[in-house]
Amino acid sequence: MVMKNNRRRKTSLSIAWNDNKKAFDLIPHTWLIECLKFYGAEENTLSFLKNTMCNWNTILTSSGIRLIEVNIFVVAMIPMEKALQKMDAGYQLEKRGNRINHLMFMDNIKLYVKNIKEIDTLIQIVRIVSGDIRMEFGIEKCALVNIQKGKVTRAEGIKLPDGSNIKHRDETEYKYWGMMEGENIKHQEMKDTIRKEYMQRFKAILNSKLNAGNMIKAINTMAVPVIRYSAGIVEWTNCNTKNETIIHIASECPALAQNEYKKRHDSVAKAFYWNLCKKHQVPCNNKWYEHQPEGVIENDHIRILWDYGIRTDRVICANRPDVTLIYKIKKVAFIDVVVPLDYRVEEKEMEKNYKNQDLKIEISRIWDMSVEIVPIIIGTLGTIPRSLKRNLEKLEAEVALGLLQKSVILGTAHIIRKVMDS
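Residues numbered from 1 in each chain as written. Predicted model: local features only at pLDDT ≥ 70, side-chain atom pairs only at ≥ 80, totals over all residues. Heavy atoms only, no water.

**What to know about the sheet that holds strand E17 (residues 302-306)**
Phase 1: The strand order across the open sheet built from five strands is E16-E17-E18-E19-E20, with neighbouring strands paired in mixed fashion. The sheet terminates laterally at strand E16 (296-298) and strand E20 (370-377), the two strands that pair on one side only. Strand-to-strand twist of the sheet, defined as the mean angle between neighbouring strand axes without regard to direction, takes the value 15 degrees.
Phase 2: Relative to E17, E16 is paired through three bridges, and the arrangement is antiparallel. In the strand pairing of E17, Glu298 is matched with Arg303.
Phase 3: In this fold helix H12 (residues 345-355) packs onto strand E19 (331-338) and E20, with an angle of close to 155 degrees to the strand it touches most, E20. (Pairing = 2+ DSSP bridges. Helix = DSSP H or I, 4+ residues; strand = E, 2+ residues; numbered from the N terminus. Axes fitted to C-alpha atoms, helices over the stretch in contact; angles between N-to-C directions. Contact = heavy atoms within 4.5 Å.)

What follows is the structure, encoded as structure tokens:
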């Protein structure tokens, strides 16, 4: 945001990247306790931490991040943030607007000001506070960039009391939390790097001998975070919207809806259709991905309709289920497949049940049959609602959920890869 603003307005901007050596290991436990006490932690929490800190040998992690230490470490860095906020130095996004002078992520601090003199002042503040809590600059990872009227100009660097120097670096040299930065984010370089790493991990998981459930967990844990970290930072697509994040690409981009999302949806629906054909002994291909659904197919006890419009006496908008299952014993099931964002699976199930009520009532009256609405909801990364198994039981169908989830995830991976390659 700051660098985009600087390019647009062609103003002066100095940026410093500050890194600390082994910050998690060096901060004293007593400082962590004092910070927690100052910000109102309960006495029983403080007592628990005091008694357990001396025995911290086991590290609790999630996706490689140490959970307990990270959470407390954030509290320990609040005084640093307060000290920076009190300073008048900073960069104004607009005339007479608010100033911003730092961005902090754990122990990595990026400083923004309007000139070298101010950046020197802020660096010294960071140095003093870091020293007070026993943190040390990782000087080899610190860097400085000076921009005058929208153009990078070389500066002498910032000297520290111990004789070390934070040097000015060329705009193509600095990597901040995995993102190549200088005058701006190196979008194309980062897309190439992220694309390569994602596909390498994804292929390795697919070539493993994991079962479907564990394979989905592995993809979500090992591959997806590679892309998710870049969401909102790297410019991946052009969907003509402001928020082109990975989440947006996976399920909410209008430019992908009529083609890529439909292919993914149809792939899941075909896999489900094929399972029904196998269950009811209707002729079908041996492999689901080679089977081409027919509009109407039947045998002595069942009829299966694929993407077939249902005629009614009155106009009903939602009258074209993905699959219609008509039993010869006065029973019908309308099946709709939806692939929403994972956190919306239950919301979409309720929405489908509601939208299909008119069709259910009308067909129950006209055909004089028992009607079931069966929504098949699978999130873009394989999440399923708790009710899905119950819905499948209504059909007495032995559908392999792992197959449906794998179809969705492969479809999502294809969409992301295609966008990344564009």
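**Description of empty space enclosed by the protein**
Phase 1: Inspection of the entire model under this criterion finds two cavities of 30 Å³ or more.
Phase 2: Looking at the largest cavity, its volume works out to about 70 Å³.
Phase 3: Residue lining of the largest cavity: Tyr198, Phe202, Ile219, Val224, Ile227, Ile246, Leu381, Ile409, Thr412, Ala413 and Ile416, and that is the complete set.
Phase 4: Of all the secondary-structure elements, those providing two or more residues to the lining of the largest cavity are helix H8 (187-206), helix H9 (212-228) and helix H15 (401-421). (1 Å grid on protein atoms, 1.4 Å probe; cavity = no way out; pocket = protein on both sides within 12 Å on 5 of 7 lines; lining within 4 Å. Points joined across faces, edges and corners; volume = space filled by probe spheres on them.)

**Quick word on the packing of helix H3 (residues 29-38) against helix H4 (residues 43-53)**
Relative placement of two packed helices is described by the angle separating their axes and the distance separating the axes.
Phase 1: At a closest axis distance of 11 Å, the pairing of H3 and H4 adopts a crossing angle of 175 degrees. The orientation of H3 relative to H4 falls into the category roughly antiparallel. Between H3 and H4, the contacting residues are His29, Leu32, Ile33, Leu36 and Lys37 on the first element and Leu46, Leu49, Lys50 and Met53 on the second. (Parallel < 35°, antiparallel > 145°, perpendicular 65-115°, else oblique.)

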